[in-house]
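# Topology and contacts: notes
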Amino acid sequence: MLQVIDLHEFLKDERVRCAVKVGSIIRYTMAEFLQNKGFIEIPPVIISPVTDPLAHPIFNGEISYYDNKYYLTRSMIFHKQMALLAFDKIFCFSPNIRLELAEKARTGRHLFEFTQLDLEVKGASREEVMQLAEEMFIEILKRVKECCKPELEKLGRELKIPSRPFKRISFEEAYNEYGKEYEEILSSEAKEPFWIIDFPKWKREFYDREFEDREGWLADMDLIYPEGFGEALSGGEREYKYERIVKRIQDSKMDPKEYFFYLEIAKRGLPPSAGFGIGIERLTRYICGLRDIKYTTPFPKIPGKYCI
Ligand code: ASP
Ligand code: MG
């Protein structure tokens, strides 16, 4: 079967060389920024009996080993919560496999293998991790401007440092005003990154915390890039009490048995926390001003295609 990309040509493409250099500076800056704030980097988990259910349709990625079933990591959300039994603040450059439908190739921002910087903070509020994300984002932009002048020039990209705090809009407001395409419309109109907060339960996974006094609504958020680049990160405060987690799994019409290992840990106690995951390739794409995410990695996994 023919591969979709002529990799020999692709790897000589100026856009790839520039974007991968920018991506390298992004990772370096993230790690340094978080280490300076007392975060511990934990190694990634590639396979596990539990992984993120995700709230959109994808193919299942699983393997078996000695008759035991493992999922390929779709996000390390549950491992982040569990790692907080050992540390107060953790991060991970986490490879995720999300076997997206082929039609997602058209968005220019989906790869079926990508890396997210995933972080979680014990006892933190949503507000605190939003502040952290804004600070880190600005630090990254400054560093890239400083270290990647020739690359940004070749890409014809001029970067402006956004002002803080980033604007916020609730999901309800956004949806009522713009309908189903709210994210695309708002992202295209925006000149600076902004937050969408308070998603409804039906839109998200069971692990984002439901407000006690506002049933059906969650203490979570997305960061959205301007200029039509779309979603940057998702995160929120987490459900951490065993009974509540079980109820949320049942509300989502899923079987708690699927989450046995995680629930056994939750039963013995998980700390409250907040965190988020930010896709490195999407951030690289935004910073480089590239319409197609494939240029951000030497070996892009394009939805629906056979890729090396
Ligand atoms: N659930 C997010 C994701 O899409 C990450 C997070 O909430 O921390 O991977
Ligand atoms: Mg998301």
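Not measured: the values here are computed from a predicted model. (Residues numbered from 1 in each chain as written. Chains lettered and ligands numbered in written order. Predicted model: local features only at pLDDT ≥ 70, side-chain atom pairs only at ≥ 80, totals over all residues. Heavy atoms only, no water.)

## Points about the coordination of the magnesium ion (ligand 2)
Coordination of the magnesium ion (ligand 2) by the protein involves Glu231 (OE) and Ser234 (OG), with metal-donor separations of 2.1 to 2.3 Å. Judged by relative accessible area, Ser234 falls into the partly exposed class, the value being 24%. (Donors = N, O, S within 2.8 Å, 3.2 Å for Na, K, Ca; no water. Buried < 20%, exposed > 50% of the residue type's maximum accessible area, 1.4 Å probe, protein only.)

## Digging into the site of ligand 1
Ligand 1 sits among Asp52, Ser75, Lys80, Arg98, Gln116, Asp118, Tyr207, Ser234, Gly235, Arg238, Phe276 and Gly277. At 2.5 Å from a nitrogen atom of ligand 1 is found a side-chain nitrogen or oxygen belonging to Tyr207. Class assignment of the residues belonging to the shell around ligand 1 gives a composition of two nonpolar, five polar and five charged. (Near = heavy atom within 4 Å. Polar contact = N/O pair within 3.5 Å; in protein donor to acceptor, adjacent residues only side chain to side chain. Nonpolar A, V, L, I, M, F, W, Y, C, P; charged D, E, K, R; others polar.)

## Section: the pattern of salt bridges
Considering all chains together, one arrives at 34 salt bridges under this definition. For Arg204, the salt bridge identified is with Asp222, shortest N-O distance 3.0 Å. Residue Arg204 is found in the loop between β8 (194-197) and β9 (220-225), and its partner Asp222 is found in strand β9; the two are separated by 18 residues along the sequence. Asp222 shares its class with Arg204; the two are buried. (Salt bridge = Lys/Arg side-chain N within 4 Å of Asp/Glu carboxyl O. Helix = DSSP H or I, 4+ residues; strand = E, 2+ residues; numbered from the N terminus.)

## Digging into the confidence of the model for the chain
Residues with a pLDDT of 70 or more make up 99% of the chain, whose mean pLDDT is 97. Across the chain, strand β11 (residues 273-279) holds the top mean pLDDT of 99, while helix α1 (residues 7-10) sits lowest at 95. (pLDDT = per-residue confidence, 0-100.)

## Looking at the side chain of Thr296
The residue Thr296 is located in the segment after α10 (280-288) in this model. Taking the relative accessible area as the measure of exposure, Thr296 reaches 7% and is therefore buried. In terms of polar contacts, Thr296 uses its side chain to reach the backbone carbonyl oxygen of Ile293, at 2.7 Å. Leave out the neighbours within four places in its chain, and Thr296 touches Ala19, Val20, Glu281, Thr284, Arg285 and Leu290. (Contact = heavy atoms within 4.5 Å.)

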